Amino acid sequence: MARGVEFLGSEVAIMCGAMSWVSERNLVAAMSNAGGFGVVACGAMTPELLDREIAATGNLTDKPFGVNLITMHPQLFELIDVCARHGVTHIVLAGGLPPKGSLEAIKATGAKVIAFAPALSLAKKLIKSGVDALVIEGMEAGGHIGPVSTSVLAQEMLPEIADQVPVFVAGGIGRGEAIAGYLDMGAAGVQLGTRFVCATESIAHPNFKQAFLRASARDAVATVQVDPRLPVIPVRALKNAGSDLFIAKQREVAATLDSLTDKVAMAEAQLQIEHYWAGALRRAVVDGDIEHGSLMAGQSVGMVTKEEPVAEIIASLMAQAAQALEKRAA
């Protein structure tokens, strides 16, 4: 983990995935204070809201933490400015290729850029464009996902790119033995989200946490695309009535495309879908509506068995990883 630790400035190279409504000041600060690396989920926040969230997080920890920005956010460059004002050291770009000028804007602030790469070709392109590190996330993850499993991505990508930039592996990781395996393959560290949802410091509603504690891996299913014209990225979540509501939402948005087929309409349709998810997730995480809200969860949810402090989760993961590596060395 030495390379990942040096890059992040943390004690262990375990990043907490940026989960909208969950990865806020309390969990982020707790993660960094426990030696990991917390990441604020900006999601659909306005620059003013992000400004307050970063300031509040900084009041709770003096350790490094990052901010996750969505590339399609209409105020992306203003959000980058907010991060710059607070001296944020690491910015994670998610949701597609960074728009023109965004990498340069982040670099100008002195921050390091971490980007998601769901395919080897994209990883090479991003490295060439100047990103400082990559997250390769498999389909087992919660929230927005790609089509390939974590283990396949790791096998395909780590031998090709791990010597060029630090690479963090994500998706379906719930135990330290898996972390040890990916480190052994050349990863600089890992990113986990689902595993930290039920942390004591997580502000997720008790109903939301209970849904995670009750769930098994097979309960975390991916959404389907209703209309091939609609640019919908699949989302993995625990199945509930909210899953059916999303199907209905897709049909509603797709209907508007029948009369509007230009690029602006497509972008607007994508934004409508993202706003749907932001609202549905809030209903579950904040309000506790686990029937109609979105229960975004990775397939590692079956390994979430109790509510416990972040520090204990990290200690447990590291102990398991160390034991696994010791066995290999024996």
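Our structure is the block above this text.
Residues numbered from 1 in each chain as written. Predicted model: local features only at pLDDT ≥ 70, side-chain atom pairs only at ≥ 80, totals over all residues. Heavy atoms only, no water.

J.: Any chance you could explain the environment of R283 here in plain terms?
T.: In this fold, R283 is placed in helix α11 (residues 263-285). It is 23 Å that separates the C-alpha atoms of R283 and M72, two residues lying 211 residues apart in sequence. Contacts of R283, omitting those with residues within four sequence positions, involve G288, D289, H292 and G293. (Helix = DSSP H or I, 4+ residues; strand = E, 2+ residues; numbered from the N terminus. Contact = heavy atoms within 4.5 Å.)

J.: What is the right way to read helix α3 (residues 47-60) from this model?
T.: Since one α-helical turn is 3.6 residues long, residues separated by three or four positions face the same way. Here α3 is 14 residues long and its end C-alpha atoms lie 20 Å apart, about the 20 Å a rise of 1.5 Å per residue gives. Every buried residue of α3 is listed here: P47, L50, E53, I54, A56 and T57. Against α2 (25-33), β2 (39-41), β3 (66-70) and α4 (76-85) lie the buried residues of α3. (Expected span 1.5 Å × (residues − 1). Buried < 20%, exposed > 50% of the residue type's maximum accessible area, 1.4 Å probe, protein only.)

J.: Please explain the packing of helix α6 (residues 120-129) against helix α7 (residues 150-161) as it appears in this structure.
T.: The geometry of a pair of packed helices is captured by two quantities: the angle between their axes and the separation between those axes. As a packed pair, α6 and α7 sit with axes 10 Å apart at the nearest point and diverge in direction by 30 degrees. What the angle tells us is that α6 and α7 run roughly parallel. Viewed along their axes, α6 and α7 form a crossing whose handedness is right-handed. Only E156, M157, E160 and I161 of α7 make contact with α6, whose side of the interface consists of L120, A123, K124 and I127. Across the contact of α6 with α7, the residue classes tally to five nonpolar, no polar and three charged. (Axes fitted to C-alpha atoms, helices over the stretch in contact; angles between N-to-C directions. Parallel < 35°, antiparallel > 145°, perpendicular 65-115°, else oblique. Left-handed = near helix turned anticlockwise from the far one by under 90°. Nonpolar A, V, L, I, M, F, W, Y, C, P; charged D, E, K, R; others polar.)

Geometric descriptors of this kind do not, in isolation, establish any biological role.
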